[in-house]
Amino acid sequence: MKFPCSMLRDYVETSLDAHQIGDLLTMAGFELEGAEPLGDDVVLDVKVMSNRGDGLSVFGLAREVLAKDRQSRPTPLYERASTRFSLPESAGTVADRTSVAIETPACRRYACRIFDEPPLEGTPALIRERLEASGMRSINLVVDLTNYVMLELGQPLHAFDMDTLGGGRIVVRQARDNERLTTLDGKVHALAPEMMMICDADRPVAVAGVMGGAETEVSASTKTVLLESASFVNLSVRKTRKRLGLNTEASYRFERSVDPDGVVAALNRFAELLAEVDGGASRVPGVLDVYPDPPKPVAIPLRHARTERLLGMAVTPVQMAHYLERLGCRVESPLDDADFSITPPSWRPDLVREDDLIEEIGRVHGFETIPETPIHGSATPGGVFGVYRFIDQVREAMLRLGYTQVISHTLRDEHPLDFGGLFKARVKNPVSPETAMLRNSLLPCLADAALRNGGRDLHLFEIGKVFTRGEFQFDESPELAILSTGRLDQVHWRDGASAEADFYELKGVVEQMGEIVRTELHVEPVVTPDPRFHPTRQAALLTTDDVLVGGFGVIHPDVAEAVGLPTNTLMAEMDLLAFYRGDHDHLHLRSISRNPAVRRDIAFQIAKDVPWSAVETTIREAAGEVLEKQWLFDVYEGAGLPEGTHSLAVAMQLRKPSNFTDEEANQVRDAVVAALAGLGAKPR
C-alpha cells in the first residue's frame, strides 16, 4: 500500500521521520519496499501480508506505530477513529427512503447513507494530492472522498446514483442465469450464480466488493447519492474477481478481510469529510444498517510460561497484557496474574490460537531483542536406529545364511498354519474374502510363497508384524518366520551342499540367530505341543530366564497335506521383540575431519573356509580409528590359485583430523597386511 507519510501523522504524533517510521513498520511485519520524496512529504510503499487486511489502511498502520513506539501519541483524529466517528443524528431516517435485503450468506453486513444534492466539484487540494500520491486519480468530490476514506480506514465505499436504482432499494444476492452487467470500465460481463451481486429491485447494479455498474455511477446529473459500506466474505469476492478478470483497490482489501465493525464508521467519516465542504447540508439523518448475524467474540487462553518458551526470551505478564491492549485486544486474567484470557479485536480475524497471540507479543516487544543463545536439546539420530536397526541386522543375517526373503500382505484369509487359540481381527469392510483378517502368524504367508515357487528346495524367511489379541486391544509385534524344504544348495552357513534340510539343520540356524542377536537360547521339549508341528519333532525356544520366544520343528503331516507342502518341511517362528533390549545400536560419535580421505587397496590370497567376518574384523582392528570404511570390491577364483583358496580385493578409506600423508597411509596398509597374515593370507 502506498500513502503519504503526512496522512499517518494525522493519526499519530511522533518524532520519527519517514524513514524511521518505515524501519519501525518493517520490524512490525510490514516491510517498507520504497520511500519516494514528494515536496515536503514522503510517500511510503509498504508490503502488507495477505492475512493482515487491517494493515491496508493508514489507521491500521498508525495502530502499529503506537504499539511499537512508546514515545508516539494518538492524535484527536485517531481517538475519533477509535470511537468509530460517531455522529449526532437528528430526526428523520434513511429507512424512510430506501430498504436493504441480504439474500446471500456471503454478505455479512450492509449499511448505507443517503445524501441529497451533494456537491460534485471542489475536492480539497490536500485530498486530491494525497490520492494521486497513493496511485488513485481524482474523479469528483463524492468518488474522491470514498477513495480517501478507504485509504484512511481500509473500508471500501461505493456511491450509487439513487435515482437510477430500480425501486429505490438494494438487494444483495447471488447472480442469476443469463444476467449481464456493464461495469465502470465499460466492459460487459456475463454473470454466473456463484457471483455475489449488488442489485436493485430489477437487476444487478454492481459486482459486490469489486466494481460498480456503469448504469448507476455518480455523474454530473446526480441529485441523490446512496453510499454503500459493507462487509463481504473474502473468498466470495476473490472467486468473483478472478472469474471476471477484474482487480480493484476495493477487491484487494475485501480479499484480505475488512473489519465488519468498521462499516458504519466509514460512512460517518465520509459524512464528516463532506460536511467540511457543504456544511452537512446534503446528509440525510440516520444510517440503514443490516447486520443479520454478528459474530460472537471468542476468548483465547494465553499462558505466560508458554509465551517465554516459544519466544526464547523473558517477557513479564504486565508487558504481555500491555502489548496486546495496545493492539486492541481485550485482556482479562481469570485465573492468576500470569495467565490471561484474550479477546481479539474485530479487525484481527487472523488471531485464532495461542501461538498467534505469542507472535503478536514478540512483534511488539521486538524480535530483534531475542537474545542469542547456543542451540541446545536432543537430536534424532540419522538413518535407521532402535528396533528397526535391530530388525535390519536380523534380516542381513538371514540373507547371509543363504535364505530368501519374502514380503507379504498383512491381510489374508483363514489358513491351516494360523496360530491356534488366538482370536483374529476381522476387517469390517474387506475388499475380498482373501483379505478379510489380520494375520496372527507369518507361516501361512511363507507357505503360500513356497507353493507359488514349486514347493521344493526352498529356504525362505519373512520378518513382519503379526497381530494378536491383547487385554484391551490388538497388539502388533514383529516376528521372524523360517520355512525350509529340500536340498541345502543355497544355504551358505555349512558345508555339504547336497544334504537335505532336517530338524538339526534348522536347530543350528535358530541357535546361530541367538548368537547374532546376542541372546543365549535354550532348545527345550515343548510343554504344550503346537498342532501345526509334528507332535514328536518340535521344540520350544527359551531364553536363560525361561521366557518362551518361539518354536520350530517339522510340519504336521495332516497340515502338510492340507496345505500342499512336503511332509519334511521345516518351520520356525520367533518373536523378535523378545530379543530386543535396546542396546543393539552401537553409535560411535567423533568429530568430523575437514581433510580429504585417503584410499588404499589390498589384494590377498586366503583360504575359502576363512569367514569374511573374520577378515573384516582383522582389518578394522589393525587399521584402528583412522579406518573410516572398508568394502570388498573383487573376488577371484580360478587359474593360478591353489585349490581351496580365492583372492580378495579390499578397499580401505582412511581419514584423520590432520592431513594424512602417503607414508602414514602406507604404514596403515602394511599393518593390515601383517595382521591378515595371522589368518593365513598372502599378499598378491
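The rules behind the values
Residues numbered from 1 in each chain as written. Predicted model: local features only at pLDDT ≥ 70, side-chain atom pairs only at ≥ 80, totals over all residues. Heavy atoms only, no water. Helix = DSSP H or I, 4+ residues; strand = E, 2+ residues; numbered from the N terminus. Rg over C-alpha atoms; globule rule 2.2 N^0.38 Å. Contact = heavy atoms within 4.5 Å. Lys, Arg positive; Asp, Glu negative; His and termini not counted. Charge placed at Lys NZ, Arg CZ, Asp CG, Glu CD. Buried < 20%, exposed > 50% of the residue type's maximum accessible area, 1.4 Å probe, protein only. Core = buried A, V, L, I, M, F, W, Y, C linked by side-chain atoms within 4.5 Å. Phe/Tyr/Trp six-rings, centres within 6.5 Å; stacked < 30°, edge-to-face > 60°. Lys NZ or Arg CZ within 6 Å of the ring centre and 35° of its normal. Arc of directions from axis to C-beta. Axes fitted to C-alpha atoms, helices over the stretch in contact; angles between N-to-C directions. Parallel < 35°, antiparallel > 145°, perpendicular 65-115°, else oblique. Left-handed = near helix turned anticlockwise from the far one by under 90°. Salt bridge = Lys/Arg side-chain N within 4 Å of Asp/Glu carboxyl O.

A. View of the overall build of the chain. Each helix and strand in the chain was counted, giving 18 helices and 32 strands. The C-alpha radius of gyration of the chain comes to 41 Å, more than 25% above the 26 Å expected for a compact globule of 684 residues. With the C-alpha coordinates aligned to their principal axes, the bounding extent of the chain is approximately 115 × 70 × 55 Å. Taking all contacts inside the chain whose residues are at least 6 apart in sequence as the whole, residues at least 24 apart take part in 68%. Treating the 73 positive side-chain charges of the chain as one cloud and the 102 negative ones as another, the clouds have centres 2 Å apart.

B. Region of the structure containing the environment of F467. Following the sequence through the fold, F467 ends up in strand β23 (residues 458-469). The class for F467 is buried, based on a relative accessible area of 10%. A sequence separation of 283 residues divides F467 from L184, and the C-alpha atoms of the two residues are 69 Å apart. Apart from residues no more than four positions distant in its own chain, F467 is found in contact with T410, L438, R439, N440, D475 and E476.

C. Spatial organisation of the nonpolar core. Among the nonpolar cores identified, the biggest contains 56 residues, and F3, L8, Y11, I21, L25, L44 and F270 are the most heavily contacted of them. Excluding its chain neighbours within four sequence positions, the residues that come into contact with L44 are M1, K2, F3, C5, A18, I21, L32, G34 and A35. Listed in part, the 38 residues of the second largest apolar core include V100, C107, L165 and L288.

D. Broad picture of the side chain of S57. Positionally, S57 belongs in the loop between β4 (41-46) and α3 (58-68). Here S57 falls in the buried class, since its relative accessible area comes to 3%. Filtering out sequence-adjacent residues up to four positions away, S57 remains in contact with M1, L151, E152, L153 and G154.

E. Molecular detail of the packing of aromatic side chains. Enumeration according to the criterion identifies six aromatic pairs in this entry. When the ring of F232 is compared with that of F254, the centres are 5.1 Å apart and the planes differ by 55 degrees; the resulting orientation is tilted. You can see F232 sitting in strand β15 (residues 224-232) and its partner F254 sitting in helix α8 (residues 249-254), a full 22 residues away along the chain. F254 matches F232 in its accessibility class, with the two residues each being buried. An aromatic cluster of at least three residues, connected via ring pairs, comprises Y11, F59 and Y78. Taking the ring centre of W347 as reference, the NZ or CZ of R63 above it sits at 4.0 Å. Directly above the ring of W631 sits K629, whose terminal nitrogen or CZ lies 5.4 Å from the centroid.

F. The arrangement of helix α7 (residues 234-244) in detail. The set of residues buried in α7 consists of S236, V237, T240, R241 and L244. All buried residues of α7 project into a common sector of 125 degrees when viewed along the axis, lining one side. Set apart from the buried face of α7 by more than 90 degrees, the exposed residues are L235, K239 and R243. Immediately downstream of α7, the backbone of G245 shows phi near 70 degrees, a positive value.

G. View of unusual backbone geometry. Of note, R84 is a non-glycine position whose phi angle comes to about 65 degrees, a positive value. On the basis of relative accessibility, which here comes to 26%, the residue R84 falls in the partly exposed class. The phi dihedral of D457 is positive, around 55 degrees, even though this residue is not glycine. Considering the arrangement of structural elements, one finds D457 in the loop between α14 (443-452) and β23. Residue classification places D457 among the partly exposed positions, given a relative accessible area of 38%.

H. Spatial organisation of the packing of helix α6 (residues 141-153) against helix α9 (residues 263-278). One way to put it is that α6 packs onto α9 with a least axis distance of 10 Å and a crossing angle of 130 degrees. With respect to their mutual orientation, α6 and α9 come out oblique. In this structure, α6 crosses over α9, and the sense of that crossing is right-handed. Contact residues: L141, V142, L145, T146, Y148, V149, E152 and L153 in α6; A265, A266, R269, F270, L273, L274 and V277 in α9.

I. Geometry of the pattern of salt bridges. Applying the stated criterion across every chain yields a total of 39 salt bridges. As a salt-bridge pair, E360 and R348 come within 3.0 Å of each other at their nearest N and O atoms. On the criterion of sequence distance, the pair formed by E360 in helix α12 (residues 354-365) and R348 in the loop between β19 (340-343) and α12 is long-range, its members being 12 residues apart. An identical accessibility class is assigned to E360 and R348; each is buried. K608 is paired through a salt bridge with E637; the nearest N and O atoms lie 3.4 Å apart. You can see K608 sitting in the loop between β29 (598-607) and α17 (612-623) and its partner E637 sitting in the loop between β30 (627-636) and β31 (645-654), a full 29 residues away along the chain. Overlapping salt bridges bring together R52, D54, E64, R348, D350, E360 and R363 as one network.

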